[in-house]
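Take a look at the letters that make up each chain.
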Amino acid sequence: MDAEQQRLDEDAARKRNWKRWGPYLAERQWGTVREDYSANGDSWTDFPHAHARSRAYRWGEDGLLGFCDREGRLHLALALWNGRDAILKERLFGLTGPQGNHGEDVKEVYAYEDSAPTHSYARAVYHYPQAAFPYEQLIAENAARDRTAREYELEDTGVFADGRWFEVVAEYAKASPDDLLLRVRITNRGPEAAPVHVLGQLWFRNTWSWGRTGESYPARPVLRRRDASSIDAEHVTLGRFRFCADTGPGSHAPEWLFTENDTNAEALFGAASASPYVKDAFHRRVVAGESSAVSPHGRGTKAAAWHTLPLAPGESQVLRFRLTLESEATPTPFGEAFDAVFEARRRETDAHYARVIPAALDPEEQRIAREGY
């Protein structure tokens, strides 16, 4: 029996909850039937992409290269900004059903490259343009085409010319069922130096704004700054976790940002917001430089460790994050032991698939089978 099969057996027997955390976080939740509050069933128009950064979701969340617990309570994902976009990149962009000439369609370049069945190891990649993301161009060009024409894709806009993108590879590994490690490698694939802002975001799904009580609507959780490198995350049913962010290049500590995962009702509807610190605070702080948008109190229901990376052509930098059940937290969350977990889980994933995928298949067929798993 390989190590991954042992984890599967422990999970099936409910001895250890190895599947508690995984890539269950949607790439985009806005405008779908999952978040349809419309009077006539027109969810795309009622909840457009322009609302997504400012409007709290009720039934789920979305994020970029993210993980969450299987009940969608606490979420870990990345946010990016290239210094040119009008929007902080927190989720995938796509056309709504009415906008696309072939219907709903994500207009991004990304892939889920690998995962063990328990998600004890997982890897995904995202290509982020260095030029301003062509939101309006994608909408306009696809609107001008009928169903007989091919779709107009992100690559067609020319934003990836000369390799001008950041390759963002996110790897997850589990030291235990409740000890989640995230290693992010960002590479400048372009011919010139380019900076990129990277935020490791942690937030709770909003279960407190709907006037409901009961098992699925516990007391309002909290994220609270612990020290210069970590925060505490407390949730009635999930428990208490510690989220740590390693120093970035040059041993620079990240800047911690805090806000509430509440709707910016003032911006969207002209009504009073429940809090002065709302969901789109990080967009306003990073992109618009609005320092008053984030909470100065070091607490909230949404937080981020903000790194700014200047990257030379071809240069890569690695950022490390760790989300751990408080009772399992270590005083040294990073270092050689951190990377050793990744190497061990990757070897164990290889061993598991070598056992379950028939050796008689040729290498290409084995790759296809593994990606299918």
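Scroll up to find the structure.
Residues numbered from 1 in each chain as written. Predicted model: local features only at pLDDT ≥ 70, side-chain atom pairs only at ≥ 80, totals over all residues. Heavy atoms only, no water.

Draft legend 1. Representation of the packing of aromatic side chains in the model. Counted under the stated rule, the structure contains 17 aromatic pairs. Taken together, a centroid distance of 6.0 Å and an interplanar angle of 80 degrees make the contact between Phe243 and Trp256 edge-to-face. With Phe243 in strand 13 (residues 239-245) and Trp256 in strand 14 (residues 255-259), this residue pair connects regions lying 13 residues apart in the sequence. The same class applies to Phe243 and to Trp256, which are both buried. Members of the aromatic cluster, joined through ring pairs, are Tyr37, Phe47 and Tyr57. The ring of Phe342 has Arg183 lying over it, and the distance from NZ or CZ to the ring centre is 4.2 Å. For Lys279, the ring lying beneath its charged end belongs to Tyr57, and the centroid distance is 3.7 Å. (Phe/Tyr/Trp six-rings, centres within 6.5 Å; stacked < 30°, edge-to-face > 60°. Helix = DSSP H or I, 4+ residues; strand = E, 2+ residues; numbered from the N terminus. Buried < 20%, exposed > 50% of the residue type's maximum accessible area, 1.4 Å probe, protein only. Lys NZ or Arg CZ within 6 Å of the ring centre and 35° of its normal.)

Draft legend 2. Broad picture of the pattern of salt bridges. If you walk through the whole model with that rule in mind, you get 41 salt bridges. Among the ionic pairs, Glu326 bridges to Arg226, the shortest N-O distance being 3.8 Å. Of this pair, Glu326 sits in the loop between strand 17 (316-325) and helix 7 (336-356) while Arg226 sits in strand 11 (residues 222-227), placing them 100 residues apart in sequence. Since its relative accessible area comes to 36%, Arg226 is described here as partly exposed. Among the ionic contacts, a cluster of salt bridges with common partners joins Glu171, Arg183, Arg320, Asp339, Glu343 and Arg346. (Salt bridge = Lys/Arg side-chain N within 4 Å of Asp/Glu carboxyl O.)

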